[in-house]
Amino acid sequence: MRRPRVKSVFPPFPINERTIRIGGADFGLAAELNDDGQRHLWQLLQLLDGTRTTAEIVARMRARDPALPAADVEDAIRMLADAGYLEDADTPPPDVFGAEEVERYRRNAEFFSYYHHPPLSGYDFQARLRRSRVTVLGIGGLGSYVALALAAAGAGDLLLVDDDEVELHNLNRQVLYTGADVGTPKTDAAARRVAQANPHVAVSTLTRRVSGVDDARDCMRGRDLLVCAADRPRIRIYDWLNEASIIERVPWFRGANDGLTVNVFLHVPGRTACFACEQRRALASVPGYAAMLEHAMHVVADRTVNPCTAPVSGLIGSLVALEAVKFLSGVAPPVVLNRKLIFDLQTMQIRFNDGVRDPDCDACGHLDEPAPDPAAPDPAETPMAQAVTS
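From a predicted model like this one, the values you see are computed outputs, not experimental measurements. (Residues numbered from 1 in each chain as written. Predicted model: local features only at pLDDT ≥ 70, side-chain atom pairs only at ≥ 80, totals over all residues. Heavy atoms only, no water.)

## Focus: unusual backbone geometry
Then step 1. Pro118 connects to Pro119 through a cis peptide bond whose omega is 5 degrees.
Then step 2. Cis rather than trans, the peptide bond between Arg232 and Pro233 has omega equal to -5 degrees.
Then step 3. As for its placement among the helices and strands, Pro233 is situated in the loop between strand E9 (225-228) and helix H10 (236-248).
Then step 4. One non-glycine residue, Arg249, lies in positive phi territory at about 60 degrees.
Then step 5. Among the structural elements, Arg249 can be located in the loop between H10 and strand E10 (252-258). (Helix = DSSP H or I, 4+ residues; strand = E, 2+ residues; numbered from the N terminus.)

## Regarding the sheet that holds E10
Then step 1. The sheet built from eight strands is open, its strands ordered E8-E7-E6-E9-E10-E11-E12-E13 with mixed pairing. Each having just a single partner strand, strand E8 (202-207) and strand E13 (349-354) make up the two edges of the open sheet. Averaged over all neighbouring strand pairs, the angle between strand axes comes to 15 degrees, with direction disregarded. (Pairing = 2+ DSSP bridges. Axes fitted to C-alpha atoms, helices over the stretch in contact; angles between N-to-C directions.)

## Details of the pairing of strand E11 (residues 261-267)
Then step 1. Burial within E11 is extensive, with six of its seven residues counted as buried.
Then step 2. With seven bridges joining them, E10 and E11 adopt antiparallel strand pairing. Bridged to Arg254 within E11 is Phe265.
Then step 3. Connecting E10 to the antiparallel partner E11 that follows it, the hairpin turn spans two residues, and Gly259 within it adopts a positive phi of roughly 65 degrees.
Then step 4. Across four bridges, the pairing between E11 and strand E12 (residues 339-344) is antiparallel. (Buried < 20%, exposed > 50% of the residue type's maximum accessible area, 1.4 Å probe, protein only.)

See below:
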(Lines give C-alpha, C1' and ligand atoms only; values in the text may rest on other atoms or scores of the structure.)
Protein backbone atom coordinates (compact mmCIF):
# COMPACT_ATOMS: atom_id res chain seq x y z
CA MET A 1 0.00 0.00 0.00
CA ARG A 2 1.88 3.07 -1.26
CA ARG A 3 -0.29 5.96 -0.01
CA PRO A 4 -2.60 4.60 2.67
CA ARG A 5 -5.77 6.46 3.55
CA VAL A 6 -8.76 5.79 5.75
CA LYS A 7 -11.68 4.74 3.58
CA SER A 8 -14.27 7.48 3.25
CA VAL A 9 -16.94 5.13 4.63
CA PHE A 10 -15.01 4.68 7.89
CA PRO A 11 -14.38 8.14 9.37
CA PRO A 12 -12.89 7.87 12.87
CA PHE A 13 -14.70 9.47 15.81
CA PRO A 14 -13.04 10.33 19.14
CA ILE A 15 -15.21 8.91 21.92
CA ASN A 16 -12.92 10.23 24.63
CA GLU A 17 -9.20 10.88 25.02
CA ARG A 18 -8.38 7.16 25.04
CA THR A 19 -11.03 5.67 22.73
CA ILE A 20 -11.63 6.06 18.99
CA ARG A 21 -14.56 4.53 17.13
CA ILE A 22 -14.13 3.54 13.50
CA GLY A 23 -16.54 1.76 11.18
CA GLY A 24 -19.69 3.58 12.19
CA ALA A 25 -22.42 1.46 13.76
CA ASP A 26 -22.36 -1.53 11.42
CA PHE A 27 -22.21 -4.87 13.22
CA GLY A 28 -19.08 -6.75 12.20
CA LEU A 29 -17.45 -3.60 10.81
CA ALA A 30 -17.22 -1.13 13.70
CA ALA A 31 -14.48 -1.25 16.30
CA GLU A 32 -13.34 0.84 19.23
CA LEU A 33 -9.62 1.49 19.19
CA ASN A 34 -7.61 2.14 22.34
CA ASP A 35 -5.34 5.16 22.10
CA ASP A 36 -2.41 6.03 24.40
CA GLY A 37 -2.02 9.08 26.61
CA GLN A 38 -0.19 11.00 23.87
CA ARG A 39 -2.96 10.30 21.35
CA HIS A 40 -0.56 8.73 18.85
CA LEU A 41 -3.32 6.73 17.16
CA TRP A 42 -5.52 9.77 16.63
CA GLN A 43 -2.58 11.66 15.15
CA LEU A 44 -1.85 8.72 12.86
CA LEU A 45 -5.44 8.55 11.62
CA GLN A 46 -5.31 12.23 10.69
CA LEU A 47 -2.19 11.61 8.61
CA LEU A 48 -3.77 8.65 6.78
CA ASP A 49 -5.40 10.85 4.13
CA GLY A 50 -3.76 9.40 1.01
CA THR A 51 -1.34 12.29 0.45
CA ARG A 52 1.69 10.63 2.03
CA THR A 53 3.66 7.42 1.68
CA THR A 54 4.08 5.14 4.67
CA ALA A 55 7.66 6.36 5.08
CA GLU A 56 6.47 9.99 5.10
CA ILE A 57 3.81 9.19 7.69
CA VAL A 58 6.40 7.51 9.90
CA ALA A 59 8.66 10.53 9.56
CA ARG A 60 5.84 12.92 10.51
CA MET A 61 4.90 10.85 13.54
CA ARG A 62 8.52 10.63 14.74
CA ALA A 63 9.00 14.36 14.17
CA ARG A 64 6.27 14.90 16.73
CA ASP A 65 7.63 12.26 19.09
CA PRO A 66 11.24 11.15 18.43
CA ALA A 67 10.84 8.39 21.05
CA LEU A 68 8.14 6.68 19.01
CA PRO A 69 9.61 3.58 17.26
CA ALA A 70 9.09 3.55 13.49
CA ALA A 71 8.09 -0.11 13.74
CA ASP A 72 5.17 0.78 16.01
CA VAL A 73 3.80 3.22 13.42
CA GLU A 74 4.25 0.70 10.62
CA ASP A 75 2.54 -2.02 12.69
CA ALA A 76 -0.42 0.24 13.44
CA ILE A 77 -0.85 1.06 9.74
CA ARG A 78 -0.62 -2.64 8.89
CA MET A 79 -3.27 -3.59 11.46
CA LEU A 80 -5.66 -0.92 10.21
CA ALA A 81 -5.09 -2.09 6.63
CA ASP A 82 -5.56 -5.76 7.51
CA ALA A 83 -8.83 -4.91 9.25
CA GLY A 84 -10.12 -3.27 6.07
CA TYR A 85 -10.21 0.34 7.21
CA LEU A 86 -7.56 1.58 4.75
CA GLU A 87 -7.19 1.74 0.98
CA ASP A 88 -4.37 2.80 -1.31
CA ALA A 89 -4.94 6.26 -2.74
CA ASP A 90 -2.43 5.45 -5.48
CA THR A 91 -4.60 2.69 -6.96
CA PRO A 92 -6.28 4.04 -10.13
CA PRO A 93 -9.59 2.75 -11.48
CA PRO A 94 -9.29 0.06 -14.19
CA ASP A 95 -8.62 1.40 -17.69
CA VAL A 96 -12.06 0.31 -18.91
CA PHE A 97 -13.58 3.36 -17.22
CA GLY A 98 -13.45 6.81 -18.74
CA ALA A 99 -13.52 9.91 -16.57
CA GLU A 100 -17.31 10.22 -16.81
CA GLU A 101 -17.86 6.64 -15.65
CA VAL A 102 -15.35 7.01 -12.83
CA GLU A 103 -17.38 9.89 -11.46
CA ARG A 104 -20.75 8.23 -12.20
CA TYR A 105 -19.81 5.11 -10.25
CA ARG A 106 -17.87 6.81 -7.45
CA ARG A 107 -20.56 6.09 -4.85
CA ASN A 108 -20.73 2.45 -5.99
CA ALA A 109 -16.98 2.09 -5.50
CA GLU A 110 -17.26 3.64 -2.04
CA PHE A 111 -20.11 1.27 -1.17
CA PHE A 112 -18.06 -1.72 -2.32
CA SER A 113 -15.24 -0.55 -0.06
CA TYR A 114 -17.27 -1.64 2.98
CA TYR A 115 -16.13 -5.13 1.98
CA HIS A 116 -12.49 -6.07 2.49
CA HIS A 117 -10.80 -7.66 -0.54
CA PRO A 118 -7.20 -6.47 -0.83
CA PRO A 119 -5.70 -5.71 -3.29
CA LEU A 120 -9.00 -5.19 -5.15
CA SER A 121 -10.58 -1.74 -5.11
CA GLY A 122 -14.22 -0.78 -5.34
CA TYR A 123 -13.73 -0.04 -9.03
CA ASP A 124 -12.48 -3.59 -9.63
CA PHE A 125 -15.90 -4.85 -8.51
CA GLN A 126 -17.55 -2.19 -10.64
CA ALA A 127 -15.59 -3.50 -13.63
CA ARG A 128 -16.97 -6.99 -13.01
CA LEU A 129 -20.48 -5.55 -12.90
CA ARG A 130 -19.76 -3.71 -16.13
CA ARG A 131 -18.94 -7.03 -17.84
CA SER A 132 -22.16 -8.73 -16.70
CA ARG A 133 -25.01 -9.77 -18.99
CA VAL A 134 -28.41 -9.90 -17.31
CA THR A 135 -31.90 -10.78 -18.53
CA VAL A 136 -34.91 -9.25 -16.81
CA LEU A 137 -37.94 -11.36 -17.69
CA GLY A 138 -41.13 -9.42 -17.10
CA ILE A 139 -40.92 -5.62 -17.10
CA GLY A 140 -43.83 -4.96 -14.77
CA GLY A 141 -43.70 -3.78 -11.16
CA LEU A 142 -40.80 -5.88 -9.92
CA GLY A 143 -39.02 -5.90 -13.28
CA SER A 144 -39.18 -2.11 -13.60
CA TYR A 145 -37.31 -1.59 -10.37
CA VAL A 146 -34.78 -4.35 -11.08
CA ALA A 147 -34.00 -3.05 -14.57
CA LEU A 148 -33.70 0.56 -13.46
CA ALA A 149 -31.54 -0.30 -10.41
CA LEU A 150 -29.20 -2.56 -12.38
CA ALA A 151 -28.82 0.08 -15.08
CA ALA A 152 -28.05 2.77 -12.53
CA ALA A 153 -25.59 0.45 -10.79
CA GLY A 154 -23.77 -0.16 -14.07
CA ALA A 155 -24.62 -3.72 -15.13
CA GLY A 156 -23.09 -3.76 -18.60
CA ASP A 157 -25.71 -5.52 -20.73
CA LEU A 158 -29.43 -5.81 -20.06
CA LEU A 159 -31.91 -7.88 -22.05
CA LEU A 160 -35.52 -6.86 -21.32
CA VAL A 161 -38.20 -9.45 -22.10
CA ASP A 162 -41.97 -8.89 -22.09
CA ASP A 163 -44.91 -9.31 -24.44
CA ASP A 164 -47.38 -6.77 -23.02
CA GLU A 165 -48.25 -3.20 -23.83
CA VAL A 166 -48.35 -0.50 -21.18
CA GLU A 167 -51.81 -0.10 -19.65
CA LEU A 168 -53.16 2.64 -17.42
CA HIS A 169 -53.52 0.35 -14.41
CA ASN A 170 -49.79 -0.48 -14.63
CA LEU A 171 -48.80 3.04 -13.63
CA ASN A 172 -49.42 2.59 -9.91
CA ARG A 173 -46.25 0.50 -9.59
CA GLN A 174 -44.41 0.11 -12.91
CA VAL A 175 -42.08 3.07 -12.58
CA LEU A 176 -40.45 2.79 -15.99
CA TYR A 177 -43.61 4.08 -17.66
CA THR A 178 -45.68 7.26 -17.83
CA GLY A 179 -49.11 8.04 -19.18
CA ALA A 180 -47.52 8.85 -22.53
CA ASP A 181 -46.42 5.19 -22.82
CA VAL A 182 -49.93 3.69 -22.59
CA GLY A 183 -50.48 1.46 -25.62
CA THR A 184 -46.73 1.18 -26.28
CA PRO A 185 -44.97 -2.21 -26.08
CA LYS A 186 -43.37 -2.41 -22.66
CA THR A 187 -40.05 -3.49 -24.11
CA ASP A 188 -39.84 -0.33 -26.25
CA ALA A 189 -40.78 2.05 -23.44
CA ALA A 190 -38.60 0.26 -20.89
CA ALA A 191 -35.53 0.18 -23.15
CA ARG A 192 -35.89 3.89 -23.82
CA ARG A 193 -36.12 4.75 -20.12
CA VAL A 194 -33.28 2.44 -19.07
CA ALA A 195 -31.00 3.89 -21.75
CA GLN A 196 -31.78 7.37 -20.43
CA ALA A 197 -30.85 6.25 -16.91
CA ASN A 198 -27.40 5.08 -18.00
CA PRO A 199 -26.08 5.46 -21.56
CA HIS A 200 -23.12 3.21 -20.73
CA VAL A 201 -25.40 0.16 -20.46
CA ALA A 202 -26.16 -1.88 -23.58
CA VAL A 203 -29.93 -2.48 -23.69
CA SER A 204 -31.64 -5.01 -25.95
CA THR A 205 -35.20 -6.31 -26.00
CA LEU A 206 -37.17 -9.44 -26.77
CA THR A 207 -40.90 -8.98 -27.23
CA ARG A 208 -42.09 -12.47 -26.48
CA ARG A 209 -44.25 -14.43 -24.07
CA VAL A 210 -42.37 -17.33 -22.52
CA SER A 211 -44.45 -20.36 -23.45
CA GLY A 212 -42.05 -23.23 -22.94
CA VAL A 213 -38.50 -24.35 -22.32
CA ASP A 214 -37.24 -23.17 -25.72
CA ASP A 215 -38.43 -19.62 -25.04
CA ALA A 216 -36.82 -19.75 -21.61
CA ARG A 217 -33.54 -20.93 -23.11
CA ASP A 218 -33.60 -18.02 -25.57
CA CYS A 219 -33.82 -15.67 -22.59
CA MET A 220 -30.87 -17.33 -20.84
CA ARG A 221 -28.46 -18.29 -23.59
CA GLY A 222 -25.17 -16.43 -23.24
CA ARG A 223 -26.28 -14.56 -20.12
CA ASP A 224 -24.71 -14.45 -16.65
CA LEU A 225 -28.00 -14.15 -14.78
CA LEU A 226 -31.74 -14.07 -15.32
CA VAL A 227 -34.18 -12.31 -13.01
CA CYS A 228 -37.67 -13.75 -13.27
CA ALA A 229 -40.12 -10.94 -12.58
CA ALA A 230 -42.96 -12.76 -14.34
CA ASP A 231 -45.42 -15.11 -12.66
CA ARG A 232 -47.47 -16.37 -15.58
CA PRO A 233 -48.30 -18.97 -16.59
CA ARG A 234 -48.45 -19.72 -12.88
CA ILE A 235 -45.87 -22.29 -11.65
CA ARG A 236 -45.22 -23.55 -15.17
CA ILE A 237 -42.98 -20.59 -15.96
CA TYR A 238 -40.75 -21.59 -13.05
CA ASP A 239 -40.64 -25.17 -14.31
CA TRP A 240 -39.55 -23.96 -17.76
CA LEU A 241 -36.96 -21.59 -16.39
CA ASN A 242 -35.61 -24.27 -14.10
CA GLU A 243 -35.10 -26.68 -17.00
CA ALA A 244 -33.60 -23.97 -19.19
CA SER A 245 -31.29 -22.88 -16.38
CA ILE A 246 -29.94 -26.40 -15.98
CA ILE A 247 -29.38 -26.81 -19.72
CA GLU A 248 -27.76 -23.40 -20.19
CA ARG A 249 -26.08 -23.41 -16.74
CA VAL A 250 -27.34 -19.88 -16.02
CA PRO A 251 -28.27 -18.77 -12.47
CA TRP A 252 -31.68 -17.18 -11.92
CA PHE A 253 -33.68 -15.30 -9.33
CA ARG A 254 -37.29 -15.87 -8.35
CA GLY A 255 -38.90 -12.88 -6.69
CA ALA A 256 -42.55 -12.12 -6.03
CA ASN A 257 -45.19 -11.16 -3.54
CA ASP A 258 -47.70 -13.78 -2.49
CA GLY A 259 -50.36 -11.60 -0.93
CA LEU A 260 -48.65 -9.75 1.91
CA THR A 261 -45.60 -12.01 1.87
CA VAL A 262 -42.52 -11.26 -0.23
CA ASN A 263 -40.11 -14.02 -1.22
CA VAL A 264 -36.79 -14.08 -3.09
CA PHE A 265 -34.55 -17.07 -3.99
CA LEU A 266 -31.36 -17.39 -6.07
CA HIS A 267 -30.85 -20.67 -7.92
CA VAL A 268 -27.39 -21.58 -9.27
CA PRO A 269 -27.33 -24.82 -11.32
CA GLY A 270 -25.21 -27.52 -9.69
CA ARG A 271 -24.62 -25.43 -6.58
CA THR A 272 -28.05 -24.88 -5.03
CA ALA A 273 -31.40 -26.55 -4.86
CA CYS A 274 -33.20 -26.14 -8.15
CA PHE A 275 -36.88 -25.29 -8.36
CA ALA A 276 -37.73 -28.97 -8.86
CA CYS A 277 -35.84 -29.84 -5.65
CA GLU A 278 -37.89 -27.25 -3.78
CA GLN A 279 -41.15 -28.47 -5.26
CA ARG A 280 -40.36 -32.08 -4.47
CA ARG A 281 -39.59 -31.19 -0.86
CA ALA A 282 -42.78 -29.13 -0.52
CA LEU A 283 -44.89 -31.93 -1.94
CA ALA A 284 -43.39 -34.34 0.62
CA SER A 285 -43.61 -32.07 3.64
CA VAL A 286 -46.49 -29.60 3.25
CA PRO A 287 -49.97 -31.09 3.77
CA GLY A 288 -52.29 -30.25 0.91
CA TYR A 289 -49.55 -28.73 -1.24
CA ALA A 290 -50.30 -30.92 -4.25
CA ALA A 291 -53.96 -29.85 -4.27
CA MET A 292 -53.04 -26.17 -3.87
CA LEU A 293 -50.54 -26.46 -6.69
CA GLU A 294 -53.09 -28.05 -9.01
CA HIS A 295 -55.68 -25.39 -8.18
CA ALA A 296 -53.18 -22.56 -8.69
CA MET A 297 -52.07 -23.86 -12.08
CA HIS A 298 -55.40 -24.83 -13.57
CA VAL A 299 -58.12 -22.85 -11.78
CA VAL A 300 -56.50 -19.61 -10.64
CA ALA A 301 -54.21 -19.83 -13.68
CA ASP A 302 -53.50 -16.36 -15.13
CA ARG A 303 -55.98 -14.43 -13.01
CA THR A 304 -54.51 -11.57 -10.97
CA VAL A 305 -54.61 -12.59 -7.33
CA ASN A 306 -51.55 -10.71 -6.06
CA PRO A 307 -52.21 -7.01 -6.64
CA CYS A 308 -49.22 -4.85 -5.82
CA THR A 309 -48.39 -1.22 -5.15
CA ALA A 310 -45.27 0.78 -5.92
CA PRO A 311 -43.63 0.53 -2.46
CA VAL A 312 -43.98 -3.27 -2.46
CA SER A 313 -42.67 -3.61 -6.02
CA GLY A 314 -39.82 -1.31 -5.09
CA LEU A 315 -39.02 -3.33 -1.98
CA ILE A 316 -38.84 -6.62 -3.87
CA GLY A 317 -37.06 -5.14 -6.86
CA SER A 318 -34.45 -3.39 -4.74
CA LEU A 319 -33.76 -6.55 -2.73
CA VAL A 320 -33.30 -8.56 -5.92
CA ALA A 321 -31.13 -5.89 -7.55
CA LEU A 322 -28.86 -5.63 -4.48
CA GLU A 323 -28.41 -9.40 -4.35
CA ALA A 324 -27.78 -9.45 -8.10
CA VAL A 325 -25.07 -6.79 -7.73
CA LYS A 326 -23.41 -8.85 -4.99
CA PHE A 327 -23.55 -11.98 -7.13
CA LEU A 328 -22.38 -10.42 -10.39
CA SER A 329 -19.56 -8.36 -8.87
CA GLY A 330 -18.44 -11.02 -6.37
CA VAL A 331 -18.16 -8.37 -3.68
CA ALA A 332 -20.17 -10.45 -1.17
CA PRO A 333 -22.16 -13.70 -1.11
CA PRO A 334 -25.88 -13.07 -1.73
CA VAL A 335 -27.90 -13.88 1.37
CA VAL A 336 -30.56 -15.50 -0.84
CA LEU A 337 -28.14 -17.93 -2.47
CA ASN A 338 -29.92 -21.26 -1.87
CA ARG A 339 -32.13 -19.53 0.74
CA LYS A 340 -35.64 -18.21 0.39
CA LEU A 341 -35.99 -14.79 1.98
CA ILE A 342 -39.52 -14.42 3.34
CA PHE A 343 -40.60 -10.89 4.25
CA ASP A 344 -43.90 -10.41 6.10
CA LEU A 345 -45.27 -7.03 5.03
CA GLN A 346 -47.69 -6.96 7.96
CA THR A 347 -45.01 -7.21 10.66
CA MET A 348 -41.86 -6.28 8.69
CA GLN A 349 -40.25 -9.47 9.98
CA ILE A 350 -37.84 -11.47 7.87
CA ARG A 351 -37.04 -15.16 8.03
CA PHE A 352 -35.19 -17.59 5.78
CA ASN A 353 -35.85 -21.10 4.58
CA ASP A 354 -32.70 -22.86 3.43
CA GLY A 355 -32.83 -24.71 0.13
CA VAL A 356 -31.87 -28.37 0.15
CA ARG A 357 -30.42 -29.81 -3.01
CA ASP A 358 -31.83 -33.26 -3.69
CA PRO A 359 -29.13 -35.63 -5.01
CA ASP A 360 -31.90 -37.76 -6.53
CA CYS A 361 -33.56 -34.82 -8.30
CA ASP A 362 -34.49 -35.80 -11.86
CA ALA A 363 -33.78 -32.25 -13.02
CA CYS A 364 -30.42 -31.34 -11.43
CA GLY A 365 -29.11 -34.44 -9.67
CA HIS A 366 -26.65 -35.14 -12.49
CA LEU A 367 -24.94 -31.75 -12.27
CA ASP A 368 -21.53 -31.22 -10.70
CA GLU A 369 -21.02 -28.12 -8.58
CA PRO A 370 -19.50 -25.35 -10.72
CA ALA A 371 -15.85 -24.58 -10.14
CA PRO A 372 -15.24 -21.42 -8.10
CA ASP A 373 -14.20 -18.29 -9.97
CA PRO A 374 -10.47 -17.92 -9.21
CA ALA A 375 -10.83 -14.12 -9.50
CA ALA A 376 -13.66 -13.94 -6.97
CA PRO A 377 -12.97 -13.01 -3.36
CA ASP A 378 -13.06 -15.67 -0.68
CA PRO A 379 -16.62 -15.55 0.75
CA ALA A 380 -15.14 -16.17 4.20
CA GLU A 381 -13.60 -12.72 4.00
CA THR A 382 -16.91 -10.89 3.51
CA PRO A 383 -18.06 -8.80 5.12
CA MET A 384 -14.93 -7.47 6.73
CA ALA A 385 -15.37 -8.32 10.40
CA GLN A 386 -12.11 -7.78 12.22
CA ALA A 387 -11.86 -5.45 15.19
CA VAL A 388 -8.61 -3.68 15.93
CA THR A 389 -7.18 -2.53 19.22
CA SER A 390 -3.90 -0.76 19.69
